[in-house]
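Listed here are the chains, written in short residue letters.
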Amino acid sequence: MGGKVTCTLGEVKNRADFIVYWGGNPAECHPRHFTKYTLMQKSKFLPRGRKDRTVVMVDIRETKSVKAADIFLQVRPGKDFELMTILRAMVKDQEVSDEQIAETGLTREQLTDLIARMKGARFGVMFFGMGLSMTRGKHMNSAALLTLAAEMNAFTKFVAMPMRGHGNVTGADVIMRWQTGYPFGISFNRGYPRYNPGEFSTVDVLVRGDTDCAFIIGADPGATMPQPAIDHLAKIPTIVLDPHVTHTSRLARVHITTAPAGIAAPGTGYRMDEIPMPLRPALESPYPSDEEVVRRIKEAIAAKPDWMGQQPQMLLSQI
Amino acid sequence: MLRIIGGTVYDPANGINGQVKDLFIDGGKLVASAAEGRTIDATGMVIFPGGVDVHTHVAGGSINFARAMTPEDHRRTQAFIRSQTRRSGIGGMAPTTFATGYLYAGMGWTTVNEAAVPVLSARHTHEELADIPIVDKSCLVLMANNEIMLDLLEEGEYERAKQIVAWHIWAAKAYGVKAVNPGGVAAWKWGKNASQLTDPIEGYATLTPGSIVTHLARIVAELGIPHPLHLHCNNLGVPGNISTTLETVKHLDGARAHLAHLQYHAYGGDDWDTMKSEAAQLADYFNSHPNLTTDAGAVLFGDTVTISADGPWQHLLYKLTGRKWGNLDVENETGCGIVPYTYRPSNLVNAVQWATGLELLLLIDDPWRVFLSTDHPNGACFWRYPEIIQLLMSADFRKECMAPLPTAIKNRITLPEIDREYTLYEIATIISAGPARALGLHHKGNLGEGMDADIVIYNREDDIARMFGHPRYVIKGGEIVIEEGDIRETPDGREYLVKPFYEPDTEEFLRPRFEDRYCMSFENYPVEMERIERSQIQACASPDSSDSPQ
Ligand SMILES: [Zn+2]
């Protein structure tokens, strides 16, 4: 079992009368999210806007977002997965012991009330943030929440959606998928895409020292990655395309200043629900766009003599 | 310039049935003669116009969602290795974009129609289409669950609804209109479905799926769109849905329509235990109604991933299989569901589906109106088309394949009684000339002078699946793209669009309704023309003539 049951943000705006935020803090991380998409919007189906919606916040601590919620459920740190498993069981009227519930930091009354509200909703949505997907058991947590939402469809309409990080992470993910089949953590070193997060993810490759050159666009790993990865970046020829001076650009061998996307360079940004938005530049920049720089580098490489030699066109099956 | 001499030509658009004929190419078109250039000696070989896929899912949010859900398939399937002229990629159930172009061209298909595009994510679809090399492309915009249009139809505002449809076609930079489960996807937004054509749709007082079909078919005809309404009927995949299908086509009121993946709409019985094929009954009706064309939506046994804008059906499939389920509802317009699936010969339902697709192809007597498709990737992946050609051309091979089916299949299918075998001329019709004509792409699927030089040259072989799976040469727009099994050139294909007329005040009428429902600015909604790479706008028939050109 697995998968993902989701929708575009407009569906949430138009229909969601029951909204859960699990491990997310939109008030601080996605400042326009509440007003633009979820809480404050009125619609044909929810004419009184906020009054027609119930908002639940599940988190390990009382964030700024909690003030916007009707119900706050403070889960014990590291117990998200257990709580979701208990909810999945209780939704299906399966037995759950008091001890199991107590371990999550919540009471049976709270969970019974939550499930009654979930089943009573016409259209429920669960947003899950970094607090859930980036902590202990990250993949398991997201999968459990997606499964809970899928299973809720036996009772009523329910969807789930990740709250993605900054920049155009979603866009990179979408394009990598159509070109290679995989979202990230891809190796091309055999001439075709292979996927293994944990082995081919940037941080793993850098920490192992497996790369002899780095080309970085629109990211600042020098600010966030573990020290061994940063040390390796400083050791090898690192090329950075960025409108600004960053931690990474400081340690790079080459920094090409580019026009900021969406401000002075056109393009496409993908929203967290994977809807593409055109970026229309408001300003002109003396610098080229990332796309222009990459295209010129690509053309220069293509003009070099064939260095790949004879390779088979296709592997009928991978080993 | 290029000359192809001595080949045996099958060109149904010009009534040429296996004549030895020389072909000359100049400037990407077929011409009367060419004085110089490379000469291909095609003596003893079989020549077809390039294949045209009238219904496939190769680009956009849904297939990309399917790619995300099937990493385990990518890892075991065929991989394309990069070269100086070729990009790398992955084949399998949901191939990557570059691989999609190589795989289609590799078996001689040169034009594909992506059958389901929401306006809201059309920008994404076009970005993917631009990354599919070699083949020419078009796409259809999803309209039958667009709530702004449904509201207008409910209010009796037919003319306005028509303007809105025209506006959306252009906004999506689409080539035509697709209707999926009319009203049913809108109802699914509340977890409901629309299964009765004459019952009001969830959320509406009087509007029914039947009236959406009637109006939309008329709108498409009146706008003069080259391809008629592309219709995915209600109750897809459900036992006993033959009655829905027959009722749906009656709601067309004689208007032209293309019925998508008919196999999924041709079942009798009351439930999964009693399900049987009603292909014979449906083919019978179809044969006497020349306003209809269809594609088979045939099923082959094996693994695939099913994707459909039909959210309710996908939820049912998920409940039946207990496998992964992806669902994406798109505000105001449509939705989509994704479920990996394995069709097994030992499974009675799957066996009936397999037979039903073949029965439709064999019992519909006019090859100009029934086309080869698997509703890729739903019934099977497109790169398995040669297997279906073999099933159609050899009754003995069909018998062999029927042997392992469950004995309970007796009396549920008519395939064992059918001994028709397709000729090469008929195959050329259902894979190329017919779908090209149904799409209104008159310069495709046609080896006459002045037409696009999209040509396939096969070695004549006894192994039919091998012959059609491995053409000797494939020529796209006059360029040799495949030679002896190797990809030689990877030119970029064109994208076909239409620009139907709409009243100038349509935009101002639409704006407040749009702003009410969506959460992006109205200006950001339509796809800008500059974003379509190598676009080509095809003419619509004049609004006066209600019949589109044949
Ligand atoms: Zn389809």
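Further up the page is the structure itself.
In short, a report on the structure.

### Details of the overall build of chain B
Here is step 1: When you go through chain B residue by residue, the secondary structure sums to 17 helices and 28 strands.
Here is step 2: For 550 residues, the compact-globule estimate of 2.2 N^0.38 gives 24 Å, and chain B sits close to it at 22 Å.
Here is step 3: Referenced to the eigenvectors of the C-alpha coordinate spread, the extents of chain B come out at roughly 65 × 60 × 45 Å.
Here is step 4: Counting only residues that meet the buried cut, chain B has 67% of its 550 residues in that class.
Here is step 5: Summed over all atoms, the accessible surface of chain B reaches about 17,000 Å², with 47% contributed by carbon and sulfur.

### Some remarks on the sheet that holds strand 6 (residues 157-162) of chain A
Residue and element names in this part refer to chain A.
Here is step 1: On the basis of which strands lie adjacent, the open sheet formed by 5 strands has the order 4-3-2-5-6 and parallel pairing. Sheet topology places strand 4 (71-74) and strand 6 at the edges, where each strand pairs with a single neighbour. Ignoring which end each strand starts from, the neighbouring axes of this sheet average 15° apart.
Here is step 2: Packed on one face of the sheet, helix 6 (residues 108-120) meets strand 2 (18-22), strand 3 (54-59), strand 4, strand 5 (123-128) and strand 6 and runs near 130° to strand 4.

### Quick notes on the pattern of salt bridges
All names here are of chain B.
Here is step 1: For the coordinates displayed, the defined rule picks out 51 salt bridges over all chains.
Here is step 2: A salt bridge links Arg-534 to Asp-492; the shortest N-O distance between them is 3.6 Å. Here the residue Arg-534 occupies a position in the loop between helix 17 (506-517) and strand 28 (535-538), and Asp-492 occupies one in the loop between strand 26 (486-487) and strand 27 (495-498), the gap between them amounting to 42 residues.
Here is step 3: We classify Asp-492 as partly exposed; its relative accessible area is 44%.
Here is step 4: A network of salt bridges, in which partner residues are shared, links Lys-29, Asp-136, Lys-444, Asp-452, Asp-454, Lys-476 and Arg-494.

### What to know about the pairing of strand 24 (residues 473-476) of chain B
Residue and element names in this part refer to chain B.
Here is step 1: Neither face of strand 24 is exposed, since Tyr-473 and Ile-475 on one face and Val-474 and Lys-476 on the opposite face are all buried.
Here is step 2: Looking at chain direction, strand 23 (residues 455-458) and strand 24 are connected through 3 bridges and run antiparallel. Residue pairing for strand 24: Ile-455 is matched across the bridge by Ile-475.
Here is step 3: Between strand 24 and strand 25 (residues 479-483), which pair antiparallel and follow one another directly, the connecting turn spans 2 residues, one of which, Gly-477, has a positive phi of 55°.

About the thresholds
Residues numbered from 1 in each chain as written. Chains lettered and ligands numbered in written order. Predicted model: local features only at pLDDT ≥ 70, side-chain atom pairs only at ≥ 80, totals over all residues. Heavy atoms only, no water. Helix = DSSP H or I, 4+ residues; strand = E, 2+ residues; numbered from the N terminus. Rg over C-alpha atoms; globule rule 2.2 N^0.38 Å. Buried < 20%, exposed > 50% of the residue type's maximum accessible area, 1.4 Å probe, protein only. Areas by Shrake-Rupley, 256 points an atom, 1.4 Å probe, with all protein chains shown as cover. Pairing = 2+ DSSP bridges. Axes fitted to C-alpha atoms, helices over the stretch in contact; angles between N-to-C directions. Contact = heavy atoms within 4.5 Å. Salt bridge = Lys/Arg side-chain N within 4 Å of Asp/Glu carboxyl O.

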